Amino acid sequence: QVQLVESGGGLVQAGDSLKLSCAASGRTFSNYAMGWFRQAPGKEREFVAAITSSGDNTYYADSLKGRFTISRDNEKNMVYLQMDSLKPEDTAVYYCAGVTSFGPYWYDAGPQPLPGGSWGQGTQVIVSS
């Protein structure tokens, strides 16, 4: 049960890098696995990356693995998404959220946002060609 605020988005060119931040408020932040999701105009929200509560394991959408890196700093209540080699198709609003705890489900249906959580405003990423 935390409040999340995303930041760090902006307008960049293809091939550039960008680092998104997710600031969490709440003393139980370290108990949550966290994930990044994104939603492009006219499309459904899709999973991007997830990280376990302790940060010892990460999981990525297959199409993004190798370009994006998720990390967290529990002492600072922060989650990050480092995005490299950005492409125009990465253009979307990016959201962070608590996700289901690490387990076989991650490899089956993928990490899912926890029910009961509300989606914030996200942060806009626009990648021009």
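Details of the structure are given in the entry above.
Only a predicted model underlies this, so the values are computations on that prediction, with no experimental measurement involved.

Conventions used here
- Residues numbered from 1 in each chain as written.
- Predicted model: local features only at pLDDT ≥ 70, side-chain atom pairs only at ≥ 80, totals over all residues.
- Heavy atoms only, no water.
- Pairing = 2+ DSSP bridges.
- Helix = DSSP H or I, 4+ residues; strand = E, 2+ residues; numbered from the N terminus.
- Axes fitted to C-alpha atoms, helices over the stretch in contact; angles between N-to-C directions.
- Phe/Tyr/Trp six-rings, centres within 6.5 Å; stacked < 30°, edge-to-face > 60°.
- Buried < 20%, exposed > 50% of the residue type's maximum accessible area, 1.4 Å probe, protein only.
- Lys NZ or Arg CZ within 6 Å of the ring centre and 35° of its normal.
- Contact = heavy atoms within 4.5 Å.

Student: What exactly am I supposed to notice about the sheet that holds strand β2 (residues 10-13) here?
Tutor: Pairing between sheet strands relies on hydrogen bonds along the backbone, with the strands arranged either parallel or antiparallel. Read from one edge to the other, the open sheet built from 6 strands follows the order β2-β10-β9-β4-β5-β6, with strand pairing classed as mixed. Taken across any chain shown, the strands that pair with only one partner, and hence form the sheet edges, are β2 and β6 (58-60). Between one strand axis and the next, the sheet turns by 25° as a mean value, whatever way the strands run. Of the pairings in the sheet, the one linking strand β9 (residues 92-99) to strand β10 (residues 123-128) comprises 3 bridges and is antiparallel in character.

Student: Help me out: how do you make sense of the packing of aromatic side chains in this one?
Tutor: Each aromatic ring pair is summarised here by two numbers: the centre-to-centre distance and the angle between the ring planes. This model, assessed by the stated rule, comprises 8 aromatic pairs. When the ring of Phe37 is compared with that of Phe47, the centres are 5.8 Å apart and the planes differ by 70°; the resulting orientation is edge-to-face. Here Phe47 lies in strand β5 (residues 46-51) and Phe37 lies in strand β4 (residues 33-39), a separation of 10 residues in the sequence. By relative accessible area, Phe47 is classed as buried at 17%. Seen from their ring centres, Phe37 and Trp119 are 5.5 Å apart, and the 85° between their planes marks the pair as edge-to-face. Residue Phe37 is found in strand β4, and its partner Trp119 is found in the loop between α1 (105-108) and β10; the two are separated by 82 residues along the sequence. Given a relative accessible area of 4%, Phe37 falls into the buried group. Among the residues examined, Trp119 registers a relative accessible area of 31% and is labelled partly exposed. Among the aromatic residues, ring-to-ring pairing joins Phe37, Phe47, Tyr59, Tyr95, Phe102, Trp106, Tyr107 and Trp119 into one connected group. Lying over the aromatic face of Trp119, Arg45 brings its terminal NZ or CZ to 3.9 Å of the ring centre.

Student: Teacher, can you tell me more about the environment of Tyr95 here?
Tutor: Examined against the element boundaries, Tyr95 turns out to sit in strand β9. For the pair formed by Tyr95 and Ala14, sequence separation is 81 residues and the distance between their alpha carbons is 21 Å. Residues within four places of Tyr95 in sequence aside, it is in contact with Glu6, Gly35, Trp36, Phe37, Gln39, Arg45, Trp119, Gly120, Gln121 and Gly122.

Student: Which parts of the structure should I look at to understand the sheet that holds strand β1 (residues 3-7)?
Tutor: Pairing is antiparallel in the open sheet, where 4 strands are placed in the order β1-β3-β8-β7. This sheet does not close on itself; its edge strands, each paired only once, are β1 and β7 (68-73). Along the sheet, successive strands turn relative to each other by an average axial angle of 15°, direction set aside. Pairing between strand β3 (residues 18-25) and strand β8 (residues 78-83): 6 bridges, direction antiparallel. Residue Lys19 lies in a different strand from β8, and its bridge partner there is Gln82.

Read these as layout, nothing more, since geometry by itself doesn't imply function.
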